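A look at the structure
Spelled out, the chains give:
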Amino acid sequence: MKDFFNDRQIAHARRGCTSELRLAFHGMAFEVLADDNEILNLLRDYFSGLTETETTTATTQQRVYLVNSPLDPGQINWTPVERRKVSPLGLKEAYVDVPEGRWIHKVRTGMVMLQALTDPMIFGNLREHISQVINFINNQFLNYQQRQGYLLGHASAFNIDGCVTAIAASSGGGKSTLMLKALETDKARFLSNDRILFRPEDGKVRILGLAKHPRVNPGTLLNSQRLLFILPEHERKRFDAMPQSQLWDIEQKYDVMIPEVYGEDRAALSGCLKNLVLLDWSLEACEPTVLAAVDIEATPGALEGLRKSPGPFFQEADGSFPPEQCRGADIYAENLRGVKVWRLAGKVDFDRAIALFHEQGIL
């Protein structure tokens, strides 16, 4: 396909997607159609242990098309997606809106996606960039649930018998490492690594996780004997020799496959949110690590690390794309009524944090 705006070429690309995979995420069923069956095999393996086995009970259906062919984005007048934190790697995404939806260009990988209410599509070297295919499917789930009134949060989370603890922080704050440390407790199950959805429901706060295995930086792997094997030996030696302050800033992602590392049935992607832990610790701090309760109604600004913009993929039910901005801290506080909120401060000490979780009955 050469012309982004040619309806006949788009329809032809869809007709070429004859291989099918069905997935289900918390009441939402996906019919994933691809022109390369190997892509579906990769997705089937990846989502094993994170999805529901039954798709017929889903309340909504969504088709997604995967086209294993790159598009040349050079002829389009793209609008850059501005980020609050500028990456040293440069521009990440750009977009252009069309009547059918929004074309999004992943600048660093060359992937191109059509975000639409019906039949969204992704083009590119799908095998090489399978994580972006996974993200694209998950974005459809996030969109749907936000249209149902769920609020998006930037947090990892674990589930114990339906009671969920979320851990919020800005990127690189240690939330993934702490969540994976909590999974060393046998009764804890994985709920989410980086995104949560939550809303008040029947006097409780319902929380949904994302069907995505943790993608973590090397510091997280070095902090766990269980996870060390994921790092190749030569990289382990290189990272192990780095000062902690330098290692903390490394952005190089590795997948932690939950069933492979922690065993089968160690994921539970929904529950009731009971605890929210706000990470406010620091590598430079000298004070001991402490865990204290927070009154977020009095200080809603404490929730800054939890707030998350829906991003350029979010599409309203009428097909429009709202300005990319976070909901107010007061709205987050209102949606968290009844949740015990904690602040973890002092120096970064994951073992001490887990001990404090046990002391407070969080684990």
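So, here is what we can say about the structure in this document. (Residues numbered from 1 in each chain as written. Predicted model: local features only at pLDDT ≥ 70, side-chain atom pairs only at ≥ 80, totals over all residues. Heavy atoms only, no water.)

1. Details of the overall build of the protein
Threshold: In DSSP terms, a helix is any run of H or I states spanning at least four residues, a strand is any run of E spanning at least two, and both are numbered starting from the N terminus. Computation of the radius of gyration draws on C-alpha atoms alone. For the globule rule, the value is 2.2 Å times the number of residues to the power 0.38. Each residue's exposure class comes from its accessible area (1.4 Å probe, protein chains only) as a fraction of the maximum for that residue type: buried when under 20%, exposed when over 50%, partly exposed otherwise. In what follows, a contact means two residues having at least one pair of non-hydrogen atoms within 4.5 Å. Residue burial considers only the protein chains on display, and all accessible areas are found by Shrake-Rupley using a 1.4 Å probe.
Per the secondary structure count, the protein includes 10 helices and 19 strands. The C-alpha atoms of the protein give a radius of gyration of 21 Å, which matches the 21 Å a tight globule of 363 residues would have. When its C-alpha atoms are laid out on the principal axes, the protein stretches across 65 × 50 × 40 Å. The buried share among the 363 residues of the protein stands at 52%. Sequence separation of at least 24 residues holds for 69% of the intrachain contacts in the protein that already meet a minimum separation of 6. As presented, the protein carries roughly 17000 Å² of accessible surface, and 46% of it is formed by carbon and sulfur atoms.

2. A short note on the side chain of asparagine 143
So the rule is basically this: In protein, a polar contact requires one atom able to donate a hydrogen and another able to accept it; more generally it is a pair of N or O atoms within 3.5 Å, and residues adjacent in sequence count only if both atoms are side-chain atoms.
Note on placement: asparagine 143 falls in helix α3 (residues 130-147). For asparagine 143, a relative accessible area of 3% puts it in the buried group. Among the polar contacts made by the side chain of asparagine 143, one reaches the main-chain carbonyl oxygen of phenylalanine 313 at a distance of 2.9 Å. In this structure asparagine 143 touches Gln115, Phe313, Phe314 and Gln315, once residues within four positions along its chain are discounted.

3. Quick word on the sheet that holds strand β8 (residues 121-123)
Cut-off, in case you're wondering: Whether two strands pair depends on DSSP finding at least two bridges between them.
Read across the open sheet, the 8 strands follow the order β1-β2-β3-β8-β7-β6-β5-β4; overall the sheet is mixed. The outermost strands of the open sheet, each flanked by one partner alone, are β1 (19-25) and β4 (79-80). Two strands pair when backbone bridges link them, and strand β2 (residues 28-34) and strand β3 (residues 60-67) are joined in this way by 7 bridges, in the parallel orientation. Paired with valine 32 across the strands is valine 64, a residue of β3.

4. Observations regarding the side chain of serine 156
If you trace the backbone, serine 156 turns up in strand β10 (residues 155-160). Judged by relative accessible area, which is 0%, serine 156 ranks as buried. Reaching out from serine 156, the side chain makes a polar contact with the backbone oxygen of lysine 175 at a distance of 2.9 Å. Residues in contact with serine 156, not counting those within four places in the same chain, are Thr165, Ala166, Ile167, Lys175, Ser176, Met179, Ser192, Asn193 and Asp194.

5. Quick notes on the nonpolar core
How we decide: Buried residues of nine kinds, namely Ala, Val, Leu, Ile, Met, Phe, Trp, Tyr and Cys, make up a nonpolar core once their side-chain atoms join them within 4.5 Å.
Counting 75 residues, the largest nonpolar core has Leu43, Leu66, Phe158, Leu178 and Phe357 as its most contacted members. Looking at this core, the element that brings in the most residues is α3, giving 7 residues. By size, the runner-up hydrophobic cluster in this structure holds 23 residues, among which are Ala155, Leu191, Leu278 and Leu303.

6. Quick look at the packing of helix α2 (residues 37-47) against α3
The line we're drawing: What counts as an axis is a line fitted to C-alpha atoms, over the stretch in contact for a helix, and the angles between N-to-C directions run from 0 to 180 degrees. An angle below 35 degrees is read as roughly parallel, one above 145 as roughly antiparallel, one from 65 to 115 as roughly perpendicular, and any other as oblique. Crossing handedness follows the turn of the near helix against the far one: under a right angle anticlockwise gives a left-handed crossing, and clockwise gives a right-handed one. Ten residues, namely Ala, Val, Leu, Ile, Met, Phe, Trp, Tyr, Cys and Pro, are considered nonpolar, four, namely Asp, Glu, Lys and Arg, are considered charged, and the remaining ones, Gly among them, are considered polar.
α3 packs onto α2 with a crossing angle of 70° between their chain directions and a minimal axis gap of 11 Å. Overall, the two elements α2 and α3 adopt an arrangement that is roughly perpendicular. In terms of crossing hand, the pair formed by α2 and α3 is right-handed. Note on element contacts: α3 touches α2 through Ile130, Val133, Ile134, Ile137 and Asn138, opposite Ile39, Leu42, Leu43, Tyr46 and Phe47. Broken down by class, the residue content of the contact of α2 with α3 amounts to 9 nonpolar, 1 polar and no charged.

7. Observations regarding helix α10 (residues 350-359)
Keep this limit in mind: Our arc is simply the arc of the directions from the helix axis toward the C-beta atoms.
Every buried residue of α10 is accounted for by Phe350, Ala353, Ile354, Leu356 and Phe357. Mapping the buried residues of α10 onto a view down its axis gives an arc of 160°, with all of them on the same face. Of the exposed residues in α10, the ones pointing more than 90 degrees away from its buried face are Asp351 and Glu359. Structurally, the start of α10 carries an N-cap: the backbone nitrogen of aspartate 351 is 3.3 Å from a side-chain oxygen of aspartate 349.

8. With respect to the pairing of β3
Counted residue by residue, β3 has 6 buried out of 8 residues, so it is predominantly covered. Bridge analysis of β3 against β8 gives 3 bridges, and the strand direction is parallel. Paired with tyrosine 65 across the strands is methionine 121, a residue of β8.

9. Considerations on unusual backbone geometry
Glycine aside, the phi torsion of most residues is negative, and most peptide linkages are trans. Even without glycine at this site, histidine 26 takes up a positive phi of about 45°. Within the secondary structure layout, histidine 26 lies in the loop between β1 and β2. Phi at aspartate 265 takes a positive value of approximately 60°, unusual for a residue other than glycine.

10. A closer look at the pattern of salt bridges
Spelled out, the test is: Within this document, salt bridges are pairs made up of a side-chain nitrogen of Lys or Arg and a carboxyl oxygen of Asp or Glu, the two lying within 4 Å of each other.
Applying the stated criterion across every chain yields a total of 17 salt bridges. A salt bridge links aspartate 351 to lysine 181; the nearest nitrogen and oxygen atoms lie 3.6 Å apart. You can see aspartate 351 sitting in helix α10 and its partner lysine 181 sitting in helix α4 (residues 175-182), a full 170 residues away along the chain. Connected via shared salt-bridge partners are Lys175, Asp194 and Arg195.

11. Section: the pairing of β2
Most of β2 sits out of view: 7 of its 7 residues are buried. Alternating residues of β2 divide into Met28, Phe30, Val32 and Ala34 and Ala29, Glu31 and Leu33, and every residue in both groups is buried. When β1 meets β2, the two strands line up antiparallel, connected through 7 bridges. Residue glutamate 20 lies in a different strand from β2, and its bridge partner there is leucine 33. Once β1 ends, the chain turns through 2 residues before running back antiparallel as β2, passing histidine 26 with a positive phi of about 45°.

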